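Geometric and topological summary
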Amino acid sequence: MTEPAPLGAEQPLDRSGDAPEVVAFWEQLGLPGLFDVHVHFLPPPIQRAVWTVFDSAGPKLGREWPIRYRTSVEDRVALLRAMGVRRFSALPYAHKPGVATYLNEWAAGFADRVPESLRSATFYPEEGAAAYVAGAIEAGTEIFKLHLQVGEFHLDDPLLAPVWGVLEDAGTPVVVHAGSGPVPNAYTGPESTRRVLTRHPRLALVVAHMGAPEFGDFLELAETHERVCLDTTMVFTDFFPATYPDDLVPRLRDLQPKVLLGSDFPTIPYPYRHQLDGLADLDLGDDWLRDVCWHNGARLLGTERR
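Presented here is an overview of the structure given in this document. These figures come from a predicted structure and were not determined experimentally. (Residues numbered from 1 in each chain as written. Predicted model: local features only at pLDDT ≥ 70, side-chain atom pairs only at ≥ 80, totals over all residues. Heavy atoms only, no water.)

A tally of regular secondary structure across the protein chain gives 12 helices and eight strands. Since a compact globule built from 306 residues should have a radius of gyration of about 19 Å, the 18 Å found for the protein chain is in line with a globular shape. Viewed in the frame of its principal axes, the protein chain has a C-alpha envelope of about 50 × 45 × 40 Å. Taken over 306 residues, the protein chain has a buried fraction of 58%. Accessible area of the protein chain: about 12,400 Å², with a carbon and sulfur share of 52%. Taken together, the 27 basic and 42 acidic charged side chains of the protein chain have centroids lying 3 Å from each other. (Helix = DSSP H or I, 4+ residues; strand = E, 2+ residues; numbered from the N terminus. Rg over C-alpha atoms; globule rule 2.2 N^0.38 Å. Buried < 20%, exposed > 50% of the residue type's maximum accessible area, 1.4 Å probe, protein only. Areas by Shrake-Rupley, 256 points an atom, 1.4 Å probe, with all protein chains shown as cover. Lys, Arg positive; Asp, Glu negative; His and termini not counted. Charge placed at Lys NZ, Arg CZ, Asp CG, Glu CD.)

Considering the arrangement of structural elements, one finds serine 180 in the loop between β5 (174–177) and α8 (191–199). A distance of 3.0 Å separates polar atoms of two side chains, one belonging to serine 180 and the other to threonine 188. (Polar contact = N/O pair within 3.5 Å; in protein donor to acceptor, adjacent residues only side chain to side chain.)

Counting residues in hydrophobic clusters, the biggest one holds 102 residues, and the most contacted among them are Phe41, Phe123, Trp164, Leu252 and Tyr272. Here the element with the most residues in this core is helix α12 (residues 286–301); it accounts for seven residues. If near-sequence neighbours (up to four positions away) are discounted, tryptophan 164 is found in contact with Phe123, Leu146, Leu155, Val174, Val196, His200, Leu203 and Leu205. (Core = buried A, V, L, I, M, F, W, Y, C linked by side-chain atoms within 4.5 Å. Contact = heavy atoms within 4.5 Å.)

Inspection of the entire model under this criterion finds 13 aromatic pairs. A network of ring pairs unites the aromatic residues Phe41, Phe88, Trp106 and Phe110 as a single cluster. We note arginine 113 situated over the ring of tryptophan 106; from NZ or CZ to the ring centre the distance is 6.0 Å. (Phe/Tyr/Trp six-rings, centres within 6.5 Å; stacked < 30°, edge-to-face > 60°. Lys NZ or Arg CZ within 6 Å of the ring centre and 35° of its normal.)

Moving on, we come to the state of the cysteines. Tallied over the entire structure, the rule returns zero disulfides. Unpaired in terms of disulfides, cysteine 229 finds its nearest cysteine sulfur in cysteine 293, a separation of 15 Å. Since its relative accessible area comes to 0%, cysteine 293 is described here as buried. (Disulfide = S-S within 2.5 Å.)

Of the positions making up helix α3 (residues 73–83), those classed as buried are Val73, Asp75, Arg76, Val77, Leu79, Leu80 and Met83. After α3 finishes, the residue glycine 84 shows a positive phi value of roughly 85 degrees.

A separate point is the environment of valine 207. Within the secondary structure, valine 207 sits in strand β6 (residues 205–207). Along the backbone, valine 207 and valine 259 are 52 residues apart, and their C-alpha atoms lie at a distance of 9.6 Å. Excluding residues that lie within four positions of it along the chain, valine 207 makes contacts with Val176, Phe218, Val228, Cys229, Leu230 and Asp231.

What follows is about the pattern of salt bridges. Under the counting rule described, the total for this entry stands at 16 salt bridges. Measuring nitrogen to oxygen at the nearest pair gives 2.9 Å for the salt bridge that ties aspartate 18 to arginine 68. Residue aspartate 18 is located in the segment before α1 (19–28), and its partner arginine 68 is located in the loop between α2 (44–55) and α3; the two are separated by 50 residues in the primary sequence. Judged by its relative accessible area of 12%, aspartate 18 is buried. The salt bridge involving arginine 290 is made with aspartate 286; its shortest N-O contact spans 4.0 Å. Taken together, the residues span about one helical turn, with arginine 290 and aspartate 286 both in helix α12 at a distance of four residues. On the basis of relative accessibility, which here comes to 35%, the residue aspartate 286 falls in the partly exposed class. (Salt bridge = Lys/Arg side-chain N within 4 Å of Asp/Glu carboxyl O.)

With that out of the way, let us pick up the sheet that holds strand β7 (residues 228–231). Sheet architecture is open: six strands sit in the order β3-β4-β5-β6-β7-β8, paired in parallel fashion. Every other strand in the sheet has two partners, leaving β3 (120–122) and β8 (259–260) as the edge strands with one partner each. When β6 meets β7, the two strands line up parallel, connected through three bridges. The partner of leucine 205 across the bridge, within β7, is valine 228. Against the sheet, helix α9 (residues 215–224) touches β6 and β7, its axis set at about 140 degrees to β7. (Pairing = 2+ DSSP bridges. Axes fitted to C-alpha atoms, helices over the stretch in contact; angles between N-to-C directions.)

Of the two faces of β5, the one lined by Val174 and Val176 and the one lined by Val175 and His177 are each fully buried. Where strand β4 (residues 143–147) meets β5, four bridges bridge the pair, whose relative direction is parallel. From the neighbouring strand, histidine 147 faces β5, where its bridge partner is histidine 177. Here three bridges tie β5 to β6, and the two strands are oriented parallel to one another.

Here it is as structure tokens:
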């Protein structure tokens, strides 16, 4: 790893030592590797801008957020491969009108170069969104990403109304950061997600961060809608302060086929293995871990490029 280190660091990052412990985790479960549905790869200028926001502990973060895996695109791909993350997303997310198509073109090129990557895309409430989403699906997009807190829009924004029918018919999953963590604003929370699902109950949504901190509301959506899943991103880690419902763990046991491993790599402040240990500490058993860490993602998105 040879890219510049975080602000204030004296040496370039080298996180290759994180790989053996991750490999040991999935090997002990008898898995072929890990399937991570919540990984970000962005065009380098935008990635640098995102990391600058994290360095400044901006208002949408509310705290200091050191970045463990601040390395080049190539080094990050190599590290995921060394850790045995056999399939992973790229999850670009548009923060304003006019950037989604640029992000989608870059992500498509990334997927062409990296066969393990899910072909990822995003969209934004703007004229023409339904057309470019349909075009992305036709071109092979496997997963989309929306971030309501960063983009500052509701999921049922009128400009998105025609998009949801396209996605419902296609069945392409959308990872949605709709929960109010880490800092709430007027656009976060379960309400707009609930309204969209009322109109489009067959949508394939993956609720990022399990909807934190509104866990109960988003678990209910997963319990009542056949194609709504949850990802584990940053939940049950030391960095993620949260008040968990008393019935969270038994509900997660019942939702075993709908819980997907997510990490938020590379912009996490702890070793990748820490997230996995947090899941193991729930004591839901090896079969639950196998489903979360591999089988559920493989069923939803496949183990090879479509």
